[in-house]
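# Examination of the molecular architecture
What follows is each chain in one-letter form.
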Amino acid sequence: MATAFGSVFMPEMSITWFDGSSWSAVEMVPSNSIQLHPGAHVLHYASTCFEGLKAFRHADGSVKVFRIDRNVARLAQSARLLALPELDEGFVTQMILDTVKRFESDVPQPPGSMYIRPTLFGTEPAVGKAAAPSETACFYVLLSPVGDYFAGGDRALRILVEDQGLRCAPHNGMIKSGGNYASALLPTMKAKAEHKVDQVLFCPNGDVQETGAANFLLIDGDEVITRSLDDSFLHGVTRDSVLTIARDLGMKVTERTITVDEMLERIKKPGCEAALSGTAAVLAPVGTMVYQDKEYKVGNGGIGETTVKLRTALNDIQWGKAEDKHGWLTDV
Ligand SMILES: *Cc1c(COP(=O)(O)O)cnc(C)c1O
C-alpha cells in the first residue's frame, strides 16, 4: 500500500533559531526531533505558520522548485500577521534551495515530487504571554518525498456546502497557520461522518470561500470563476497558477464573489465543473455538493475535462514538459 502523503521524511532538515536579536547560522540536524521548553509560546498560544511547496525532477535530471518567491513572500506575510520574528526573504529562499540541493538525489521522478515544509514558530518559554508575541523563534525546512497524489485513482470529490460556520476567524484568513486548520477540523470531521463528504466548502453569509486546505474554482464552459482576493481566505499559489494558465489558454477568468445560490444554479449545466486547488493535488475535481441535506451533481457528476486539462498543463510546466514562460521554476 502507498504511504500517506507527507508521512515519509528525509533524515535531516535545516534549522535556525532566533534568540531575540538574530538568527543563528543554519545547521543540518536529524529530522526526527527538536527540543522545546514545555512553556514554549507555540504550544500554548499557537504562534506558528508554515508553507507547502514542491521540487520537481526534470527529464534531464535537474531539480527545480516551483514558485518559491510566492511561498517565501506568503511565509513573511503569515509571520507578520502572527507577530512572529521577521525572516529575511533572501535568507529563507537560499535555505530552502540549499536544503533541497542536499537531498537532490532523493527527489522522486514524476509523478512524484519533493514536498517542502518550511515551518516557523515562537519558542519563548512564557505562559504569561497570552497577549504578547514570542521574543524567540525557530525556523526549519523539512522535506517529504511524495508520490502520485492520484495513485488511488482520480475520482470526483463530494463536498458539503456550509453557510453557517466559519473556517477560521475572518481576520486570520490569509495566514497559513495550524490554528486555522484546528478551527476547521471538527466541522470537517462532523461533515464527513454525517454526510460522507470529503471536504467542507465554507460559505460564510452565503458567499463561497474555500475548503479547509484548498481554494475553490468553478469552471463554466470557457470561463473560470473564483472568489476575488480578500483577507478572509488563503491566497493559493496553485489558484494563481491555474488562473494564469487558463488565461494563457484563452479562457475567461473572473475573480469575484459567488453566492451559494448562483453556484448551485450554475452547476446544473452539463458543461459546468468545480475543482479544489492546492499544492498537494494541484486540481481535484468536485462531482457532488451537499447543501441543506440535498445533493447536487456538478455537471455530469464526474471528473471534469477542463479540470484535467488545466491540471495537466500545470504539471507539464512543473515537470519541464512545457515551456516555463512565466519563470516559475528555480534551479536548486
Ligand atoms: C495552503 C492552503 C491552500 C492552497 O495554497 P497553495 O499555495 O495553492 O498550496 C488553500 N487554502 C488553505 C487554507 C491553505 O492552507
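In this text the structure is predicted, and so the values were computed from the model without any measurement. (Residues numbered from 1 in each chain as written. Predicted model: local features only at pLDDT ≥ 70, side-chain atom pairs only at ≥ 80, totals over all residues. Heavy atoms only, no water.)

To continue, consider the overall build of the protein. Looking only at helices and strands, one finds 7 helices and 16 strands in the protein. Over its C-alpha trace the protein gives a radius of gyration of 20 Å, about what one expects of a compact globule, namely 20 Å for 332 residues. Taking the principal axes of the C-alpha coordinates as reference, the protein spans close to 55 × 50 × 35 Å. For the protein, contacts bridging at least 24 residues in sequence account for 71% of all contacts bridging at least 6. A total of about 14900 Å² of accessible surface is found on the protein, and carbon and sulfur atoms cover 52% of it. Between the centroid of the 32 positive side chains of the protein and the centroid of its 41 negative side chains there is a distance of 5 Å. (Helix = DSSP H or I, 4+ residues; strand = E, 2+ residues; numbered from the N terminus. Rg over C-alpha atoms; globule rule 2.2 N^0.38 Å. Contact = heavy atoms within 4.5 Å. Areas by Shrake-Rupley, 256 points an atom, 1.4 Å probe, with all protein chains shown as cover. Lys, Arg positive; Asp, Glu negative; His and termini not counted. Charge placed at Lys NZ, Arg CZ, Asp CG, Glu CD.)

Attention now goes to the nonpolar core. Counting 28 residues, the largest nonpolar core has Val65, Val100, Ile116, Leu120, Phe139 and Leu143 as its most contacted members. Counting 25 residues, the second-largest nonpolar core is a separate cluster that includes Val161, Ile225, Ile267 and Leu276. (Core = buried A, V, L, I, M, F, W, Y, C linked by side-chain atoms within 4.5 Å. Buried < 20%, exposed > 50% of the residue type's maximum accessible area, 1.4 Å probe, protein only.)

If you check the shell around the ligand, you find 15 residues, and the closest are Lys176, Tyr181, Glu210, Thr238 and Thr279. One of the side-chain nitrogen or oxygen atoms of Tyr181 is found 2.4 Å away from an oxygen atom of the ligand. Here the ligand has 380 Å² of accessible area as a free molecule, and 97% of this is covered by the chains. Grouping the constituent residues of the shell around the ligand by class yields 5 nonpolar, 6 polar and 4 charged. (Near = heavy atom within 4 Å. Polar contact = N/O pair within 3.5 Å; in protein donor to acceptor, adjacent residues only side chain to side chain. Nonpolar A, V, L, I, M, F, W, Y, C, P; charged D, E, K, R; others polar.)

For the rest of this paragraph, the subject is the packing of aromatic side chains. Under the criterion given, the structure shown has 8 aromatic pairs. Their ring planes at 70° and their centres at 6.0 Å tell us that Phe121 and Tyr140 sit as a pair that is edge-to-face. Placement of the pair is Phe121 in strand β6 (residues 113-122) and Tyr140 in strand β7 (residues 137-146), with a sequence separation of 19 residues. Assessed through its relative accessible area of 4%, Phe121 is described here as buried. What makes Tyr140 buried here is its relative accessible area of 14%. (Phe/Tyr/Trp six-rings, centres within 6.5 Å; stacked < 30°, edge-to-face > 60°.)

What follows is about a nonpolar patch on the surface. A surface patch of nonpolar side chains, about 320 Å² in accessible area, is lined by Leu185, Leu186 and Met189. Here Leu185 shows up in helix α4 (residues 178-195). Judged by relative accessible area, which is 48%, Leu185 ranks as partly exposed. (Patch = residues over 30% accessible without salt bridge, like charges linked within 9 Å, V, L, I, M, F, W, Y side chains within 5 Å. Salt bridge = Lys/Arg side-chain N within 4 Å of Asp/Glu carboxyl O.)

Right, let's talk about helix α3 (residues 89-102) for a bit. In this model, α3 (14 residues) spans 20 Å end to end at C-alpha, consistent with the 20 Å of a helix rising 1.5 Å per residue. By the burial criterion, the buried members of α3 are Val92, Met95, Ile96, Leu97, Thr99 and Val100. If you check the start of α3, you find a side-chain oxygen 3.0 Å away from the backbone N of Gly90, and it comes from Asp88. (Expected span 1.5 Å × (residues − 1).)

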